[in-house]
Structures are given as structure tokens and as C-alpha cells.
Amino acid sequence: MTLPAGCALRPITAEDDVAMATVIRTVMPEFGACGDGFAINDPEVDWMSRAYAAPRHGYFVLVRDGRVLGGAGVAPLAGGDAGTCELRKMYFLPEARGLGAGTAMMARCLDAARAFGFRQCYLETLTGMDAAMRLYERSGFRRIASSMGATGHGGCNRFYLLELALA
């Protein structure tokens, strides 16, 4: 997937932390995801670069003309087995939607997950995030009946899993 001119995906840096926290706190309420049980309340929202510097973690930002418009990452699934990662905090400002950024970001995150040696990727979302769910399904994720691990995101009500083919 080719991104539009002026757009790039790159690993998050400490200089991106404030901008990414703003993206998360802007997008999540748009979908009603602002109370208990949602990622907006995770402590790492304010220091994403530090949280994703740990082994087998990666977080990437979409930048257009020097401005962070969104991001996503992978990390070991809390409370899960060592072979399962979670796709985390994939959010884009409205101006970044429909550009192919979601598809490109998904590919980048899944490549990172494979490189970290994960065998499967899990994610949680919620009703109303229809475009996101279409992206997940196009990317090969299949819907599963219940949550996995111990993410603490009890507000989510849709769960997906992807078997990763290791390169």
C-alpha cells in the first residue's frame, strides 16, 4: 500500500508522545470509548514511546507534513501466552482516514509482530467502529466469541484473532 505524498510511517519517538496522546483522546470519545474499561484511560497514553520501547513491543505513527495523525502498535498480550501479541491503540484523526493509512499501518504492525516471533495477533474493538472492523477482516482477522488475556478493556465488545504465518 502506497501512502499519499507527504505521509510516512515510522517508529514513535518521545517527541511524538504528546501528539499521539492527543490523537487517542480525540478519537476515542468520537466512538463513545471514554469511560472505564477503555484504552483512553491506560497510563501509557501519555508516554507511548517509553511503553513500546520494551522487548517485543513496537508502536508506529503516521506523519503527514511533520504532523502526527495517528498510530498503532503491537505488544505481548497481557495475561496471554508468549506466542500471542495484541494490536494496540490503532487510532487515526478524521483527516487521515480513507488515505490507505490503516492498511499500511496494519501491514507494518503485523510485520513487526512476525519479526518479534509472535504466532497470533489478538485485538479488541467495539460496536460502531465499522471501518476498523472492515480493515481487520480484510487483513485476515476472524471474529472470536470472547476476549483473551487480561487487557483491562472491559468496555470492548468485539474480539478478533489472526494466525500469523512466520516468514
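This text goes with the structure placed above it.
Note that the structure is a prediction, hence the values are computed from the model and not measured.

Novice: In this structure, what is going on with empty space enclosed by the protein? I would like to understand it.
Specialist: If you roll a probe as big as a water molecule over the atoms, it shows you where there is empty space left. Scanning the entire structure with this criterion turns up one cavity of 30 Å³ or more. By volume, the largest cavity is sized at about 210 Å³. Contributing to the lining of the largest cavity are 17 residues, with Leu 87, Lys 89, Met 90, Tyr 91 and Glu 124 lying nearest its centre. If you list the elements that add at least two residues to the lining of the largest cavity, you get β4 (84–92) and β5 (120–125). For the lining of the largest cavity, the element with the most residues is β4, which contributes six residues. Its residues placed into classes, the lining of the largest cavity shows 11 nonpolar, two polar and four charged.

Novice: Whenever I open this one, the packing of aromatic side chains confuses me. Can you help?
Specialist: For any pair of aromatic rings, geometry is given as the distance between the ring centres together with the angle between the planes. In this structure the tally under the stated criterion is four aromatic pairs. Relative to Tyr 59, the ring of Tyr 52 lies with its centre 5.0 Å away and its plane at 50°, an arrangement referred to as tilted. For the pair Tyr 52 and Tyr 59, one class covers both residues: buried. Connected via pairs of aromatic rings, a cluster forms that spans Tyr 136, Phe 141 and Tyr 160. Positioned above the aromatic ring of Trp 47 is the side chain of Arg 50, whose terminal nitrogen or guanidinium carbon lies 4.4 Å from the ring centre.

Novice: How should the layout of surface pockets be read in this particular structure?
Specialist: Its volume calculated, the largest pocket comes out at about 450 Å³. Lining the largest pocket are 22 residues, and of these Phe 92, Arg 97, Ala 131, Ala 132 and Leu 135 lie nearest its centre. Those elements that place two or more of their residues in the lining of the largest pocket are β4, α3 (101–115) and α4 (130–138). For the lining of the largest pocket, the leading source of residues is α4, giving seven residues. Residue composition of the lining of the largest pocket, by class: 13 nonpolar, five polar and four charged.

Novice: So what exactly am I meant to see when it comes to α4 here?
Specialist: For the α-helix, the turn length of 3.6 residues means that residues three or four positions removed from each other point alike. Of all the positions in α4, only Ala 132, Met 133, Leu 135 and Tyr 136 are classed as buried. Along the long axis of α4, the arc covered by the buried residues comes to 155°, so they all point the same way. Next to the buried residues of α4 lie β4, α3, β5 and β7 (158–163). Two residues or fewer past α4, Gly 140 is found with a positive phi of approximately 105°.

How each quantity is defined
Residues numbered from 1 in each chain as written. Predicted model: local features only at pLDDT ≥ 70, side-chain atom pairs only at ≥ 80, totals over all residues. Heavy atoms only, no water. 1 Å grid on protein atoms, 1.4 Å probe; cavity = no way out; pocket = protein on both sides within 12 Å on 5 of 7 lines; lining within 4 Å. Points joined across faces, edges and corners; volume = space filled by probe spheres on them. Helix = DSSP H or I, 4+ residues; strand = E, 2+ residues; numbered from the N terminus. Nonpolar A, V, L, I, M, F, W, Y, C, P; charged D, E, K, R; others polar. Phe/Tyr/Trp six-rings, centres within 6.5 Å; stacked < 30°, edge-to-face > 60°. Buried < 20%, exposed > 50% of the residue type's maximum accessible area, 1.4 Å probe, protein only. Lys NZ or Arg CZ within 6 Å of the ring centre and 35° of its normal. Arc of directions from axis to C-beta. Contact = heavy atoms within 4.5 Å.

Shape is all these values report; function is a separate question.
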